[in-house]
Amino acid sequence: PAFQLDDFVPHVPTPLAHDGRLYLWSESGIVSCYELPGGEAIYERERISAKGKFFSSPIAVGDKIINFSNDGGVVILASLKCYCLSYIPVRRGKS
């Protein structure tokens, strides 16, 4: 393999390969980013400043990485820095 991770591998969210990088986003909101194919860390185990747990997988939109928390929030990260650009809480209305 090009590189191997032996610890801190998310159990639920699927890793995201985008633009020559691999993003790992844990259920507890800890994010790592590695260069592909060699595995050099861009950042590792950075906690994002957002609420909730993450059971969905991150997606890439342009140069942003987006994920959704279980409390309905939307988190938008800058792709090269583990910096929460935006946390958008979603209010649940009455049905």
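Turning our attention to the overall build of the protein. The secondary structure content of the protein amounts to 0 helices and 8 strands. Going from N to C terminus, the protein has its helices and strands arranged as β-β-β-β-β-β-β-β. Put simply, the protein has 95 residues, and 35% of those count as buried. Counting contacts in the protein only where the partners sit at least 6 residues apart, residues at least 24 apart contribute 31% of the total. When the accessible area of the protein is evaluated, it comes to approximately 5,900 Å², of which 53% is carbon and sulfur surface.

Tallying each qualifying case throughout the model produces 2 salt bridges. Here Arg21 makes a salt bridge to Asp19, at a shortest N to O gap of 3.4 Å. Under the relative-accessibility criterion, Arg21 is labelled buried at 9%. The exposed category is assigned to Asp19, whose relative accessible area is 58%. Lys64 is the partner of Asp63 in a salt bridge, and the nearest nitrogen-oxygen pair spans 2.7 Å. By relative accessible area, which is 28% here, Lys64 ends up partly exposed.

In space, the 4 strands of this open sheet follow the order S1-S2-S3-S4, with antiparallel pairing throughout. One side of each edge strand has no neighbouring strand; the edge strands of this open sheet are strand S1 (16-18) and strand S4 (41-47). Across the sheet, the mean angle separating the axes of adjacent strands is 15° when strand polarity is ignored. Direction of pairing for strand S3 (residues 30-35) relative to S4: antiparallel, over a ladder of 4 bridges.

Position of Leu80 relative to the elements: it lies in the loop between strand S7 (74-78) and strand S8 (84-88). We classify Leu80 as partly exposed; its relative accessible area is 47%. Along the sequence, Leu80 and Lys64 sit 16 residues apart, while their C-alpha atoms lie 8.8 Å from each other. The residues touching Leu80, leaving out its near neighbours within four places in the chain, are Arg21, Ile42 and Tyr43.

Reading the values: rules and limits
Residues numbered from 1 in each chain as written. Predicted model: local features only at pLDDT ≥ 70, side-chain atom pairs only at ≥ 80, totals over all residues. Heavy atoms only, no water. Helix = DSSP H or I, 4+ residues; strand = E, 2+ residues; numbered from the N terminus. Buried < 20%, exposed > 50% of the residue type's maximum accessible area, 1.4 Å probe, protein only. Contact = heavy atoms within 4.5 Å. Areas by Shrake-Rupley, 256 points an atom, 1.4 Å probe, with all protein chains shown as cover. Salt bridge = Lys/Arg side-chain N within 4 Å of Asp/Glu carboxyl O. Pairing = 2+ DSSP bridges. Axes fitted to C-alpha atoms, helices over the stretch in contact; angles between N-to-C directions.

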